[in-house]
Amino acid sequence: MLRRSTSVVVAAGLLALTFAGAGKAIAQDRPVATLEEMFARLQRCWRAPALPRGHPGMQITVLFSLQRDGQIFGKPRITFETPDASAADSIAYRTAVMETLQHCTPMPFTGGLGDAVAGRPFRVRFDDRRNQPKPAEKQAWLLPKTL
């Protein structure tokens, strides 16, 4: 008797998990109705490149347009990068931005938002500056004087 009730509870739990997982998939694929939701979705897609410890990171801005159906229209353009970034950092961040756009598109717009954003340029800044520890301040007045 105990075995049978345990299997019923396990089956009910698996069924609940299945439906809960289906709800999450539907929630992620629900249509984007506002610009705020569109930018939030882009932010969730963003994966900054892996950098060594202590690396300052950088800023990068991309200009792109979308079609009514959420596909990228034309070619995205990088319009700004942190000026002192190395060539390797620049390539890593450009790749991360393009991967973000590929993973997030086609954007599932509602009909109204799709009509409103079609062909309009969006400029999105990805800011991945990392907090660096402040250097220890040298207090010259506490150093012993040598005469």
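Definitions and cut-offs
Residues numbered from 1 in each chain as written. Predicted model: local features only at pLDDT ≥ 70, side-chain atom pairs only at ≥ 80, totals over all residues. Heavy atoms only, no water. Core = buried A, V, L, I, M, F, W, Y, C linked by side-chain atoms within 4.5 Å. Buried < 20%, exposed > 50% of the residue type's maximum accessible area, 1.4 Å probe, protein only. Helix = DSSP H or I, 4+ residues; strand = E, 2+ residues; numbered from the N terminus. Contact = heavy atoms within 4.5 Å. Phe/Tyr/Trp six-rings, centres within 6.5 Å; stacked < 30°, edge-to-face > 60°. Pairing = 2+ DSSP bridges. Axes fitted to C-alpha atoms, helices over the stretch in contact; angles between N-to-C directions. Salt bridge = Lys/Arg side-chain N within 4 Å of Asp/Glu carboxyl O.

Chemist: Can you walk me through the nonpolar core in this structure?
Modeler: Nonpolar side chains in soluble globular proteins tend to end up buried together. In terms of nonpolar packing, the biggest core is built from 23 residues, with M38, L42, V62, F64, M107, F109 and F126 touching the most fellow members. Mapped by element, the contributors of at least two residues to this core are α2 (35–45), β1 (59–66), α3 (87–104), α4 (111–117) and β3 (121–127). Looking at this core element by element, the count peaks at 5 residues for α3. In contact with M38, not counting residues within four places along its chain, are V32, L66, M107, F109 and F122.

Chemist: Could you clarify how one ought to interpret the packing of aromatic side chains in this entry?
Modeler: Each aromatic ring pair is specified by the distance between its two centres and by the angle formed by the two planes. One pass over the structure, following the stated rule, counts 4 aromatic pairs. Judged by centre distance (6.0 Å) and plane angle (80°), the ring pair of F39 and F122 falls under edge-to-face. With F39 in helix α2 and F122 in strand β3, this residue pair connects regions lying 83 residues apart in the sequence. Residue classification places F122 among the buried positions, given a relative accessible area of 10%. Between F64 and F122, the aromatic rings sit 6.1 Å apart at their centres with planes inclined by 35°, giving tilted as the arrangement. Here F122 lies in strand β3 and F64 lies in strand β1, a separation of 58 residues in the sequence. Among the aromatic residues, those joined into a ring-pair cluster are F39, F64 and F122.

Chemist: Would you take a moment to explain the sheet that holds strand β2 (residues 72–81) for this structure?
Modeler: In a beta sheet, neighbouring strands are held together by backbone hydrogen bonds and run either parallel or antiparallel to one another. Taken together, 3 strands build an open sheet; the order of strands is β2-β1-β3 and the sheet is antiparallel. This sheet does not close on itself; its edge strands, each paired only once, are β2 and β3. Between one strand axis and the next, the sheet turns through 20° on average, direction left out of account. Its contacts with the sheet put α2 on β1 and β3, and the angle it makes with β3 is roughly 45°.

Chemist: Teacher, can you tell me more about unusual backbone geometry here?
Modeler: Of all residues except glycine, most have a negative phi; of all peptide bonds, most are trans. Note the cis peptide between T105 and P106, where omega equals 0°. Relative to the helices and strands, P106 resides in the loop between α3 and α4.

Chemist: It is not clear to me how the pattern of salt bridges should be interpreted in this structure. Could you clarify?
Modeler: If the charged atoms of two oppositely charged side chains come close together, the side chains can form a pair. Applying the stated criterion across every chain, the model contains 3 salt bridges. Across the salt bridge formed by R68 and D115, the nearest N and O atoms sit 2.8 Å from each other. With R68 in the loop between β1 and β2 and D115 in helix α4, this pair connects stretches of sequence that are 47 residues apart. On the accessibility criterion, R68 (55% relative accessible area) is exposed. Between E81 and R94 there is a salt bridge, and its shortest N-O distance comes to 2.6 Å. With E81 in strand β2 and R94 in helix α3, the pair connects residues that are 13 residues apart, well separated along the chain. R94 gets classed as partly exposed once you look at its relative accessible area, which sits at 37%.

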